[in-house]
Structure formats: C-alpha cells, structure tokens
Amino acid sequence: MYQVVEAAPEPPGTCGPGGCHIEDLATGAGLDVPQGALATKTILAVTGVVDTSLVPAPVPAGKILVGAARFETDGLAFALPATLYVPARSAIENQLIAG
C-alpha cells in the first residue's frame, strides 16, 4: 500500500496568476510572466528560432535575422507586461560581443 503525499507536478509550461518563467533551454529564448498577468492557468511554450529557413516569411532584402521566437498559445493577452528573451544567432552574437 502506498500513500500519496504530493500532487503530481503540473505539465511543463504551466503558468497562472502567480506568474512564471518559461524557457527553451536549447536556444535561450524565454518569457517572464509577472504575477497577476494571467487570470487563469494556461500552458505556454516558447521556441527560439535562429535558422532563417524557419521564420514564417522571408527576411527582407538587405536585412539579417538576428533571432526570433515562436510562442504557443497564440493570441493570449497579458494583463501586465511580460519580458521576452529572444535568442541571437551565434554568428551575430559573436559580432555583438566583439563590438
């Protein structure tokens, strides 16, 4: 016989009224959602996009893709501002660091 002493953990990306931080560990894309920004719990996901072939539209001529992020749940509105972390492509990141 077993006694359950803890509830099952919530699914990854669960965010609610208490706020949260979600992150794509492979790219560093992330989202900080402050306390009070969401009225109910929802599942959020963020994926860093550092490959130009994965963006939904071509990069305009004369421009370069520094980095982008894809989010799920589309159309979700926050009651308070959230902080977004967008990954930089490694070639661009090295140039930015070198100055």
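Details of the structure are given in the entry above.
Residues numbered from 1 in each chain as written. Predicted model: local features only at pLDDT ≥ 70, side-chain atom pairs only at ≥ 80, totals over all residues. Heavy atoms only, no water.

S.K.: Run through the overall build of the protein, naming residues and quoting values.
M.R.: Secondary structure summary: the protein contains one helix and seven strands in total. Starting at the N terminus and ending at the C terminus, the protein contains elements arranged as β-β-β-β-β-β-β-α. Among the 99 residues that make up the protein, the fraction classed as buried is 22%. Summed over all atoms, the accessible surface of the protein reaches about 7100 Å², with 58% contributed by carbon and sulfur. (Helix = DSSP H or I, 4+ residues; strand = E, 2+ residues; numbered from the N terminus. Buried < 20%, exposed > 50% of the residue type's maximum accessible area, 1.4 Å probe, protein only. Areas by Shrake-Rupley, 256 points an atom, 1.4 Å probe, with all protein chains shown as cover.)

S.K.: Break down the nonpolar core for me, with residues and values.
M.R.: In terms of nonpolar packing, the biggest core is built from ten residues, these being Cys 15, Cys 20, Ile 22, Ala 29, Leu 31, Val 33, Ala 37, Leu 38, Leu 44 and Val 46. Secondary structure elements with two or more residues in this core: β2 (20-23) and β3 (30-33). With sequence-adjacent residues up to four places away left out, Val 46 is seen in contact with Ile 22, Glu 23, Asp 24, Ala 29, Gly 30, Ala 69, Arg 70 and Phe 71. (Core = buried A, V, L, I, M, F, W, Y, C linked by side-chain atoms within 4.5 Å. Contact = heavy atoms within 4.5 Å.)

S.K.: A description of the side chain of Asp 24 should follow, citing residues and the corresponding values.
M.R.: Within the secondary structure, Asp 24 is located in the loop between β2 and β3. Of the side chains bearing the opposite charge, Arg 70 lies closest to the buried Asp 24, which forms no salt bridge; the N-O distance is 8.5 Å. Reaching out from Asp 24, the side chain makes a polar contact with the backbone nitrogen of Ala 26 at a distance of 3.1 Å. At 2.8 Å, the side chain of Asp 24 and the backbone nitrogen of Gly 48 are in polar contact. Discounting chain neighbours no more than four positions away, the residues touching Asp 24 are Ala 29, Val 46, Thr 47 and Gly 48. (Lys, Arg positive; Asp, Glu negative; His and termini not counted. Salt bridge = Lys/Arg side-chain N within 4 Å of Asp/Glu carboxyl O. Polar contact = N/O pair within 3.5 Å; in protein donor to acceptor, adjacent residues only side chain to side chain.)

S.K.: Would you mind going over the pairing of β2 in detail, with residue names and values included?
M.R.: Residues Cys 20 and Ile 22 point to one face of β2 and are all buried, whereas His 21 and Glu 23, pointing to the other face, are not buried. Across four bridges, β2 lies against β3 in antiparallel orientation. Note that in β3 the partner of Glu 23 across the bridge is Gly 30. Taking the residues that link successive antiparallel strands as the turn, the β2-β3 hairpin has six residues, and the phi of Gly 28 there is positive, at about 90°. (Pairing = 2+ DSSP bridges.)

S.K.: Before we move on, could you go through the sheet that holds β2 and cite the residues and values that matter?
M.R.: In spatial order, the strands read β2-β3-β7; together these three strands make up an open sheet with antiparallel pairing. For this open sheet the edge positions go to β2 and β7 (83-85), each flanked by a neighbour on one side alone. Across this sheet, the average inter-strand angle for adjacent strands is 10°, counted without regard to direction. By the bridge criterion, three bridges tie β3 to β7 in an arrangement that is antiparallel. Considered in β7, the bridge of Leu 31 is made with Leu 84. (Axes fitted to C-alpha atoms, helices over the stretch in contact; angles between N-to-C directions.)

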